[in-house]
Amino acid sequence: MPPRRKLNEFERGRSVAWFQDGVPKREVARRLHVSISVIVRLIQPFTATGRVQERRRPGRPKKTTPREDRLIERLALQTKTASSSIIRRQRRVATNINISQQTIRNRLHGFNLRFRRPAGNLTGLRYRDEILRPLAVPTLQQMGPQAVHQDDNARPHRVRVVNDFLQQSGVNRMEWPACSPDLNPIENLWDELDRKVRSNLPPPRVVQHLYQMLQAEWQALPQRIFTTLVNSMGTRCVECQNSQGGYTHY
């Protein structure tokens, strides 16, 4: 059955023009790939009033302004594989305003853009080609056969293309407890970077500005933070063992 979707202004005008030219309502619906009821609800008020504008419907006001909607659309188009949660985070950083993922999905639907679910395999390919192949694996190979690669159980890290690549590269990999994301010191580093970026006033308004700010704040992080996090791995592992893979104070 064709979808009962909302017609945009161009499609409403086109539907009326076809109807005035004698095209049956069912054929108009077929041409626009919509349900016949959509065309009937358009033609009936047009016949009575001669207008094709949609009538105002009562309801809650939109949570976003037209300018904010354009930002959501731009973020979605700039990052083709971004999920609604990623777009939501990018928008929150850019505007310092929080809205729900469902609102993001609603806006993407209004722009005829599908909201993206996190794509494990595609992201795994990027992890392999942009992180492991050019950076991590060459460094591990320079460190010698005793080097161990450490990452967590995020889906991109554990897909088959990544597992096969690390095995073929002869990389030793640390086993990771299933319920211990806080064992990874990179989470503390992301938190520190997030606080640094949020302390900037005014906040970034466009993605390019945010990218530049992230680069600058990353370069400015003091070396002692990295050293402290690396040196904490021993006690992290001990706490994780003592709590049987559960909560640690990190």
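Position labels on residues start from 1 in each chain and follow its written sequence. With the structure being a predicted model, the display of local features is reserved for residues of pLDDT at least 70 and the display and counting of side-chain atom pairs for 80 or more, all residues being used for whole-chain, interface and lining totals. The side-chain figures draw on all heavy atoms in the structure; neither hydrogens nor water molecules are used.

(A) Structural detail: the confidence of the model for the protein chain. In predicted models, pLDDT denotes the confidence assigned by the predictor to each residue on a 0 to 100 scale. Per-residue pLDDT for the protein chain averages 80, and the proportion of residues at 70 or more is 84%. Within the protein chain, helix H9 (residues 160-168) carries the highest mean pLDDT (92), whereas helix H5 (residues 84-95) carries the lowest (73). Helix and strand definitions follow DSSP, with helices as H or I runs of at least four residues and strands as E runs of at least two, each counted in order from the N terminus.

(B) Representation of the nonpolar core within the structure. With 13 residues, the main nonpolar core has Leu7, Val16, Trp18, Val28, Leu32, Val34 and Ile39 as its most contacted residues. Broken down by secondary-structure element, the contributors of at least two residues to this core are helix H1 (9-20), helix H2 (25-32) and helix H3 (36-49). The biggest single contributor to this core is H3, with 5 residues. Grouped together as the second largest cluster of nonpolar side chains are 11 residues, Ala136, Ala147, Val162 and Leu166 included. In this description, a nonpolar core means a group of buried Ala, Val, Leu, Ile, Met, Phe, Trp, Tyr and Cys residues linked to one another through side-chain atoms lying within 4.5 Å. Residue exposure (1.4 Å probe, protein chains only): buried if accessible area is under 20% of the type maximum, exposed if over 50%, otherwise partly exposed.

(C) Inspection of empty space enclosed by the protein at higher detail. Lining residues are defined by having an atom within 4 Å of a point belonging to a cavity or pocket. Those points lie on a 1 Å grid over the protein atoms alone, cavities being sets where a 1.4 Å probe fits but cannot get out and pockets being open sets with protein on both sides within 12 Å along at least five of seven lines. Grid points are joined across faces, edges and corners, and a volume is the space filled by probe spheres set on the points. Tallied over the full model, the rule gives 1 cavity of 30 Å³ or more. Each pocket or cavity is described by its volume, and for the largest cavity that value is around 30 Å³. Around the largest cavity, the lining residues are Leu71, Leu75, Gln90, Ala94, Arg205, Val206 and Val207. If you list the elements that add at least two residues to the lining of the largest cavity, you get helix H4 (66-78) and H5. Throughout, the ten residues Ala, Val, Leu, Ile, Met, Phe, Trp, Tyr, Cys and Pro are labelled nonpolar, Asp, Glu, Lys and Arg are labelled charged, and all others, Gly among them, are labelled polar. The residue inventory of the lining of the largest cavity, partitioned by class, reads 5 nonpolar, 1 polar and 1 charged.

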